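# An overview of the molecular structure
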Amino acid sequence: MNSKFIVIEGLEGAGKSSAIGAVVDVLRQQGIRDVVLTREPGSTPVAEVLRTLIKDGAGNESVTNLAELLMLYAARVQLVEQVIKPALARGNWVVGDRHDLSTHAYQGAGRGINARFLQALREAVLGNFYPDLTLYLDILPEDGLARVRSRAQPDRIEVQPLAFFERARSGYQSRAAVDERIVTIDASPPLDVVTTVVRARLMEWLRAQTETP
Ligand code: Z5A
């Protein structure tokens with residue numbers, strides 16, 4: 001099977017980190033080793049600097065929605081061109097903690113940036129590059145936030161009101177409803193249950209890939 005780009009998506013506290021561990025484990029069991037892990041924004045030196053700016057800003061200057069969006073795409077294009085595409089070309093599989101669907105959810109639905117503009121920007125920056133599979137962990141924002149409440153200092157995005165995360169969730173759900181490359185998984189049950197479902201959905205998808213002529 002050719003190398004693939006698999007992305008894990010979901011609101012904060014959805015359980016992406018655990019799901020990534022399960023995905024890597026399943027791939028390893030299938031003989032797929034040397035998996036490249038990425039996180040967005042981030043995973044290149046430039047993109048990590050942008051991650052800090054996106055999450056924390058700089059000084060007291062407020063970050064406009066458009067600046068936030070452009071920094072996310074600057075980080076993403078660095079990652080895609082410098083890490084993801086070369087890894088896939090070498091034959092490595094790539095597992096991503098978030099990708100472009102996050103922008104649709106947070107900046108599109110959450111911030112209210114125009115959908116047509118977002119799509120045009122996406123096409124200009126990424127062209128026809130899409131993940132092969134996205135596992136979207138669906139969780140009520142209040143439940144996800146409750147799981148991560150004990151964390152130290154919230155960042156610029158984490159301090160948004162609940163309504164922002166509710167819009168972001170709707171953004172995820174509406175895209176997942178029309179894109180067959182996105183598999184939705186209910187992330188509200190206990191962790192072991194969610195992990196079992198993640199493994200099962202991935203195995204189903206892998207089987208379908210090998211059956212496709
Ligand atoms: N962002 C954006 O706005 N636009 C974009 O295009 C991109 C990103 C790419 C990245 O922050 C921020 O950037 C993010 C979106 C924005 N901000 N927000 N909000 P990040 O990378 O620092 O944060 P994150 O991606 O949201 O990660 P997270 O908060 O760590 O979420 P998670 O990885 O899904 O959570 P987890 O670490 O797997 O689990 C959290 C806790 O819950 C942990 O203690 C688990 O043991 C527990 N957990 C997990 N699953 C369960 C279940 N099923 N039951 C009980 N407890 C559970």
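If you look the chain up in an unreviewed UniProt entry, it shows as Thymidylate kinase from secondary endosymbiont of Ctenarytaina eucalypti. Regarding the chain, the UniProt comment filed under Function (unreviewed entry) reads as follows: "Phosphorylation of dTMP to form dTDP in both de novo and salvage pathways of dTTP synthesis." If you open the UniProt record of the chain and go to Sequence similarities (unreviewed entry), you find "Belongs to the thymidylate kinase family."

Looking only at helices and strands, one finds eight helices and five strands in the chain. The helix and strand sequence of the chain, counted from the amino end, reads β-α-β-α-α-β-α-α-β-α-α-β-α. In terms of overall size, the chain behaves like a compact globule, its C-alpha atoms giving a radius of gyration of 17 Å where 213 residues would be expected to give roughly 17 Å. Each principal axis of the C-alpha distribution contributes one length, and for the chain these read about 50 × 35 × 30 Å. Across the 213 residues in the chain, those meeting the buried criterion constitute 46%. Restricting to contacts in the chain with at least 6 residues of sequence separation, those with at least 24 account for 81%.

Empty space within the largest pocket amounts to approximately 730 Å³. Lining the largest pocket are 33 residues, with Glu-12, Lys-16, Lys-55, Asp-97 and Arg-98 positioned closest to its centre. Those elements that place two or more of their residues in the lining of the largest pocket are helix H1 (16–29), helix H2 (45–56), helix H3 (65–90), helix H4 (100–110) and helix H8 (191–211). When residues of the lining of the largest pocket are assigned to their parent elements, the largest contribution, four residues, is made by H4. Of the residues contributing to the lining of the largest pocket, the split by class is twelve nonpolar, eight polar and 13 charged. Of the voids in this model, the second largest pocket is the one considered here, and its volume is about 220 Å³. By residue class, the composition of the lining of the second largest pocket is five nonpolar, two polar and six charged.

In this section: the site of the ligand. Taken together, 29 residues surround the ligand, and among them Lys-16, Lys-55, Arg-98, Thr-103 and Arg-151 come closest. Here an oxygen atom of the ligand and a side-chain polar atom of Ser-17 are 3.1 Å apart. At a separation of 3.0 Å, an oxygen atom of the ligand approaches a polar side-chain atom of Arg-76. Starting from 1100 Å² of accessible surface for the ligand in isolation, the protein chains cover 83%. Residue assignment for the shell around the ligand shows that the elements contributing at least two residues are H1, H2, H3, H4 and H8. A total of four residues in the shell around the ligand trace back to one element, the largest contributor, which is H4. Split by residue class, the shell around the ligand holds 13 nonpolar, seven polar and nine charged.

The next thing to look at is the environment of Thr-44. Structurally, the position occupied by Thr-44 is in the loop between strand S2 (36–39) and H2. Along the backbone, Thr-44 and Val-83 are 39 residues apart, and their C-alpha atoms lie at a distance of 7.7 Å. The contact partners of Thr-44, leaving out residues within four places of it in the chain, are Gln-78, Leu-79 and Val-83. In terms of polar contacts, Thr-44 uses its side chain to reach the backbone amide nitrogen of Ala-47, at 3.0 Å.

The rules behind these values
Residues numbered from 1 in each chain as written. Predicted model: local features only at pLDDT ≥ 70, side-chain atom pairs only at ≥ 80, totals over all residues. Heavy atoms only, no water. UniProt positions renumbered as here; feature names shortened; annotations may be inferred. Helix = DSSP H or I, 4+ residues; strand = E, 2+ residues; numbered from the N terminus. Rg over C-alpha atoms; globule rule 2.2 N^0.38 Å. Buried < 20%, exposed > 50% of the residue type's maximum accessible area, 1.4 Å probe, protein only. Contact = heavy atoms within 4.5 Å. 1 Å grid on protein atoms, 1.4 Å probe; cavity = no way out; pocket = protein on both sides within 12 Å on 5 of 7 lines; lining within 4 Å. Points joined across faces, edges and corners; volume = space filled by probe spheres on them. Nonpolar A, V, L, I, M, F, W, Y, C, P; charged D, E, K, R; others polar. Near = heavy atom within 4 Å. Polar contact = N/O pair within 3.5 Å; in protein donor to acceptor, adjacent residues only side chain to side chain. Areas by Shrake-Rupley, 256 points an atom, 1.4 Å probe, with all protein chains shown as cover.

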